[in-house]
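Survey of secondary and tertiary structure
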Amino acid sequence: MAQSKRKCYCSVPSCSNNKQKFPYLSFHKFPVDAEKRARWVRAIKREGPSFKILRGSTFVCSRHFAPDDVYTTASGRNRIRQGAVPSGFHWNDWGKGKG
Ligand SMILES: [Zn+2]
């Protein structure tokens, strides 16, 4: 069956956010630049041969970025600032004790 809707999943360990569950979150592709990409992979602790970044299906959801690193374009899309690296995860208590 052909799927018209692309499923976006967050690739951060123990984060199971996806576009269907959280349509208001944005899902961000890994940077094309190898060095920046490596920084992201290191940040989400997915280094190793088993982690593959697939275009169109490997994303990091906007929850892992500092609010300052996420901006909205004129067309209403959420974007990540150049050079931003995901920094908020369950292992550093991101989001805990807030709100
Ligand atoms: Zn996530």
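Refer to the structure presented above.
All of these numbers come straight from a predicted model, not from anything done at the bench.

The zinc ion binds to the protein through Cys10 (SG), Cys15 (SG), Cys61 (SG) and His64 (NE2), with metal-donor distances spanning 2.1 to 2.3 Å. Seen from the zinc ion, its four donor atoms lie at angles of 103 to 119 degrees, and the figure they make is tetrahedral. Counting along the primary sequence, the residues that act as donors to the zinc ion give the motif C-x4-C-x45-C-x2-H. Here Cys10, found in the segment before strand E1 (27-29), pairs with Cys61, found in strand E2 (residues 59-61); they are 51 residues apart in sequence, far enough to count as distant. We classify Cys61 as buried; its relative accessible area is 0%.

This part covers the environment of Asp33. Of note, Asp33 is situated in the loop between E1 and helix H1 (34-43). Judged by relative accessible area, which is 39%, Asp33 ranks as partly exposed.

Further remarks concern the side chain of Asn17. Here Asn17 is to be found in the segment before E1. Taking the relative accessible area as the measure of exposure, Asn17 reaches 6% and is therefore buried. Not counting the four nearest positions on each side in its chain, Asn17 is found in contact with Cys8, Tyr9, Cys10, Phe22, Leu25, Phe27, Cys61 and Arg63.

Looking now at the environment of Leu25. Tracing the backbone through its elements, the reader meets Leu25 in the segment before E1. C-alpha of Leu25 to C-alpha of Cys61: the two residues are 36 residues apart in sequence and 6.6 Å apart in space. The contact partners of Leu25, leaving out residues within four places of it in the chain, are Asn17, Lys19, Cys61, Ser62 and Arg63.

Turning our attention to the packing of aromatic side chains. The final tally for this structure, using the stated rule, is five aromatic pairs. Through a chain of ring-to-ring contacts, three or more aromatic side chains come together here, namely Phe30, Trp40, Phe51 and Phe65. Over the ring of Phe22 we find Arg63; its NZ or CZ atom is 5.2 Å from the centre of that ring.

Among the secondary structure elements, His64 is positioned in the loop between E2 and strand E3 (70-72). Within the local environment of His64, its side chain forms a polar contact with the backbone oxygen of Gly88, the two atoms lying 2.8 Å apart. Contacts of His64, omitting those with residues within four sequence positions, involve Cys10, Val12, Cys15, Pro86, Ser87, Gly88 and Phe89.

Reading the values: the criteria
- Residues numbered from 1 in each chain as written.
- Predicted model: local features only at pLDDT ≥ 70, side-chain atom pairs only at ≥ 80, totals over all residues.
- Heavy atoms only, no water.
- Donors = N, O, S within 2.8 Å, 3.2 Å for Na, K, Ca; no water.
- Tetrahedral: all angles 85-135°; square planar, octahedral: opposite > 155°, others 65-115°.
- Helix = DSSP H or I, 4+ residues; strand = E, 2+ residues; numbered from the N terminus.
- Buried < 20%, exposed > 50% of the residue type's maximum accessible area, 1.4 Å probe, protein only.
- Contact = heavy atoms within 4.5 Å.
- Phe/Tyr/Trp six-rings, centres within 6.5 Å; stacked < 30°, edge-to-face > 60°.
- Lys NZ or Arg CZ within 6 Å of the ring centre and 35° of its normal.
- Polar contact = N/O pair within 3.5 Å; in protein donor to acceptor, adjacent residues only side chain to side chain.

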